[in-house]
Amino acid sequence: VSTPRMEDVKLQRDRFIQSRKEMITISENKILDHTFFYNNLINWGGTQKTMIYLMRLFNKYNQPSSIYTNSITLDFLKSYKLDDVDIQLLSGISKNIPNGLGSIFLSFFYKIFMFIFKRQHIIIGSFYHAFAQRKNFEKLIDRSRYFSTFLLKPNIIILIFLNYFAKKDYSSKIILNERNDITEQYFKNKFLEKFYVYLLNKKKIKFVTNSINTYKFIKSKNTNCDLIYVYNKIGYVNEKNYDT
């Protein structure tokens, strides 16, 4: 197809294919103002909209930013016109874990653990990804002024990396963002709740949420994080209803 639009899409596709071959495609010397980490850019929702809005806002003021993700679809790129947004794939996992038989055994034991402890699949999966991507995270955070993650699993992945696999303290750069009410969605699993609170107490990071229930929950636990509540200002908001 020779239309200009499709040529742009093909260039975007080729860039992602190339980034899958290379571990990190951004220049080692390039400094970013802000890096966003999100597991998979497949579905469009409030979180994805927030990240894209922030990136475009930063770029408008000459503060370069980028999104790092495990996977993205071509339909996602086309549907939401993201040609102007710097999105890179976090590839290279196979370079950080054993190859050949070692990789097969690691995958086998991972699946066994996931089956045995299926109620704790978020924690086990997060440990696996934090370990597998540890070198990538080091590069990403080193070259960024701020490093933001969105939603529970990416937040746990980066907390595990920060507390167990990082070679130096990156806590001052880390910002966790939580849009959802995690008390209703996830913390019926009490072990997950206790583990999350435990991670938040190990090193001081920023925790930003627009869920009043999540804010109240984190605040009630007296965690070590710098807790910030941001409400969506749609129409009139009675600020007396909020503990600021």
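Preceding this section is the structure that the text describes.
In this report, we go over the structure that sits alongside the text.

How each quantity is defined
Residues numbered from 1 in each chain as written. Predicted model: local features only at pLDDT ≥ 70, side-chain atom pairs only at ≥ 80, totals over all residues. Heavy atoms only, no water. Core = buried A, V, L, I, M, F, W, Y, C linked by side-chain atoms within 4.5 Å. Buried < 20%, exposed > 50% of the residue type's maximum accessible area, 1.4 Å probe, protein only. Helix = DSSP H or I, 4+ residues; strand = E, 2+ residues; numbered from the N terminus. Contact = heavy atoms within 4.5 Å. Pairing = 2+ DSSP bridges. Axes fitted to C-alpha atoms, helices over the stretch in contact; angles between N-to-C directions.

1. Describing the nonpolar core
- Formed by 33 residues in total, the largest nonpolar core has its most connected members in Ile156, Leu176, Tyr196 and Ile205.
- Elements that contribute at least two residues to this core include exactly helix H6 (121-132), helix H7 (134-142), helix H8 (152-165), strand E5 (174-178), helix H10 (190-202) and helix H11 (212-220).
- If one sorts the elements of this core by residue count, H8 sits on top with eight residues.
- Ignoring any residue separated from it by four or fewer positions in sequence, one finds tyrosine 196 in contact with Leu152, Asn155, Ile156, Leu159, Leu176, Ile182, Phe187 and Phe207.

2. Brief notes about the sheet that holds E5
- Across the sheet, seven strands lie side by side as E3-E2-E1-E4-E5-E6-E7; this open sheet has parallel pairing. The sheet terminates laterally at strand E3 (87-89) and strand E7 (226-229), the two strands that pair on one side only. Direction aside, the axes of adjacent strands within the sheet are offset by 25 degrees on average.
- Both strand E6 (residues 206-209) and E7 contribute to a ladder of four bridges, which runs parallel. Opposite lysine 206, over in E7, you have aspartate 226 as the bridge partner.
- Across the face of the sheet, H11 comes into contact with E5, E6 and E7 while running at roughly 155 degrees to E7.

3. Some thoughts on unusual backbone geometry
- In this structure, asparagine 62 is a non-glycine residue whose phi angle is positive, near 55 degrees.
- Its location among the elements puts asparagine 62 in the loop between helix H2 (46-60) and strand E2 (65-72).
- By relative accessible area, which is 69% here, asparagine 62 ends up exposed.
- At asparagine 222, a position not held by glycine, the phi torsion is positive, near 50 degrees.
- Relative to the helices and strands, asparagine 222 resides in the loop between H11 and E7.

4. Observations concerning the environment of serine 126
- Turning to its location among the elements, serine 126 is positioned in helix H6.
- The exposure class of serine 126 is buried, given its relative accessible area of 0%.
- Taking the C-alpha atoms as reference points, serine 126 and isoleucine 156, separated by 30 residues in sequence, lie 6.4 Å from one another.
- Setting aside anything within four residues of it in sequence, one finds serine 126 in contact with Lys153, Ile156, Ile157 and Ile160.

Taken by themselves, the reported measurements are silent on function.
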